[in-house]
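A look at the structure
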Amino acid sequence: HLSPFWISGQDYTGRTALDASMAFARIVQSLVTWTVASFYGSLVSVSMAFSIIRRGPRAFFSYKVRQDRPKCLDDPALGTHGYVRLKSSGLRFHYVAAGERDKPLMLCLHGFPECWYSWRHQLNEFRDSYRVVAPDLRGYGETESPQPFGYCGWPNFTMSHLTTDVRELVEALGYSSCTLVAHDWGGIVAWPFAIDNPEFVDKLINMNCPHPGVFWKYMRSHPSQLLLSWYMFVFQLPWLPELLLRSFDFQAIQGSLRGKVMGCKRSGAITDEDLEGFKYSFGHPGTNPSAAINYYRDLFKTSPPRSYKNTKVTCPTLMIWGDQDGALEVGLTEGTDKFVPDFTLKMVPGASHWVQQDQPDVVNGIMKDWLKNKGA
C-alpha cells in the first residue's frame, strides 16, 4: 500500500507536521471558545435566575404557540407566498415574491432573529424593476429544518450547506443569476457565496455585515468587539440559548428589534404586529428554534477559520451600514476594499443594526442610486 505522499518522505513529514499543527489549533480554539462561552453562560444563567425570582417561573417558561400567521405576513401588497423543494437537501423552502417573473431576480437574505418579513419595505419598493424574492432561510419560519432538531443538529448548518441552498434556490426560481441583497446572517452567507459562485451574483448589496476576512482579524485585535459578540459565545452552549430565546414569550426577539441597545432607533419602525410576525417565525407549530442558533454553533466549530487572503468578490458590491449598530462596530467596514475591488460604502447615520427596517426610505434610495449607476 502506497502512501498518497509517497513522492518524498519530506512531503509526508511536512504534511504530518501540518496536520498536527492544525489539530493543536483546533484544541486551543475549542478550549478558548468553551472557556469564554462558559463565562458568559454563567452570567446569563444568573440573570435568568433573577428574572425567574422577580417575575415568576410561569412567566419565564411560558411562550405562545402561534397557530396562524399574523395579518401582516399575508399582506398582498408585499407579494405572494410560494414554496420550492431543493435538490441536495430535499428541504422545502418558503419565500415571498413580488414583481413579474420576466424581470431580473433580486434575492434578499435575512438575518437573526428574523424572517423574510424583514424585507417588507424592499419587496414593495423594487417590484417594478425586479422579481424580488425574500425566502425564509434554512430552519427559519416556514422553511423546513433538517433533522435532528436541537443542539446535535449543528452539522447541518455548515457554510457549504447554506451556500448550496442559495445556489439551488436561484435555480429553483428559474434564474441563472441575481442581484443578491443580504443583512446580518444573510450577509455572512452572501460573502462566500459571491466569492465561490461569481457567475450567480451580478451585484451584491450587504447590510451591517462585515466581510469575514475583516471580522475575525478585527475581533482578535479589538476587545471591545469581542465583548459585543458575547451572544455568539453563549450560543455555543447546549439548551441554554434555546431557553433564553423562548423565555417570557420570545422576549429576546423584542429586545433585539426594539430594545434600547440593539433596537431600531426610529419610533414605530417595529410595530406590535411586526413583532408578532417575527415571533410567529419562531413560535408556530413544528418550528425548530435550535436551527437559527445552530448557524452560530457551526460557525465556531470550523477550525481553522477559512482564509480569505487571496480571494476576491468580483461583482460590484455595495455595503450599507447603520452607524448605531449595538453589536458590530463601525470599524468593521474598514479594509473591505482589499477583498472587493469594486466597492462602495454608504453609512446611514442614526440607524441601528436593522438598517433596512430602521431607515427604509434612506436605504431604498441608496440602493436605487447605486443600482442605476451600475447599469441596473
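Structure first, text after, so check above.
Below or above, wherever it landed, is the structure these notes cover. (Residues numbered from 1 in each chain as written. Predicted model: local features only at pLDDT ≥ 70, side-chain atom pairs only at ≥ 80, totals over all residues. Heavy atoms only, no water.)

Leftover empty space is mapped by rolling, across the atoms, a probe with the size of a water molecule. Within this model, the largest pocket holds a volume of roughly 920 Å³. Lining the largest pocket are 34 residues, and of these Trp230, Leu244, Ala252, Gly255 and Ser256 sit closest to its centre. Considering every element that reaches the lining of the largest pocket, the biggest residue donor is helix 9 (residues 240-258), with 10 residues. For the lining of the largest pocket, the per-class residue count stands at 21 nonpolar, nine polar and four charged. (1 Å grid on protein atoms, 1.4 Å probe; cavity = no way out; pocket = protein on both sides within 12 Å on 5 of 7 lines; lining within 4 Å. Points joined across faces, edges and corners; volume = space filled by probe spheres on them. Helix = DSSP H or I, 4+ residues; strand = E, 2+ residues; numbered from the N terminus. Nonpolar A, V, L, I, M, F, W, Y, C, P; charged D, E, K, R; others polar.)

Counting 112 residues, the largest nonpolar core has Leu107 and Ile320 as its most contacted members. Once residues within four sequence positions are removed from consideration, Ile320 is found in contact with Ile205, Asn206, Met207, Asn208, Lys346, Val348, Val355, Val363, Ile366 and Met367. (Core = buried A, V, L, I, M, F, W, Y, C linked by side-chain atoms within 4.5 Å. Buried < 20%, exposed > 50% of the residue type's maximum accessible area, 1.4 Å probe, protein only. Contact = heavy atoms within 4.5 Å.)

Our next topic: the pattern of salt bridges. Counting across every chain of the model gives 12 salt bridges. Across the pair Glu276 and Arg66 runs a salt bridge, and its minimum N-O distance is 2.9 Å. Within this pair, whereas Glu276 is found in helix 10 (residues 272-283), its partner Arg66 is found in the loop between helix 2 (57-61) and strand 1 (80-85), the two being separated by 210 residues in sequence. For Arg66, a relative accessible area of 3% gives the class buried. Across the pair Lys374 and Asp342 runs a salt bridge, and its minimum N-O distance is 2.9 Å. Residue Lys374 is located in the segment after helix 13 (360-373), and its partner Asp342 is located in the loop between strand 7 (317-322) and strand 8 (343-348); the two are separated by 32 residues in the primary sequence. (Salt bridge = Lys/Arg side-chain N within 4 Å of Asp/Glu carboxyl O.)

Let us now look at the packing of aromatic side chains. With the rule as written, the count across this model stands at 23 aromatic pairs. With a centroid separation of 5.0 Å and an interplanar angle of 70°, the aromatic rings of Phe235 and Tyr296 are classed as edge-to-face. Taken together, the residues Phe235 in the loop between helix 8 (230-234) and helix 9 and Tyr296 in helix 11 (residues 289-301) connect sequence positions 61 residues apart. Look at Tyr296 and you get buried, because its relative accessible area is 4%. Ring pairing ties together the aromatic residues Phe112, Tyr140, Phe157, Trp185, Trp230, Tyr231, Phe235, Phe282, Tyr295 and Tyr296, which thus form one cluster. Sitting over the ring of Phe248, Arg55 keeps its end group 3.7 Å from the ring centre. (Phe/Tyr/Trp six-rings, centres within 6.5 Å; stacked < 30°, edge-to-face > 60°. Lys NZ or Arg CZ within 6 Å of the ring centre and 35° of its normal.)

What follows concerns the side chain of His353. The residue His353 is located in the loop between strand 8 and helix 12 (355-358) in this model. Engagement of the side chain of His353 in a polar contact is seen with the side chain of Asp325, the distance being 2.6 Å. (Polar contact = N/O pair within 3.5 Å; in protein donor to acceptor, adjacent residues only side chain to side chain.)

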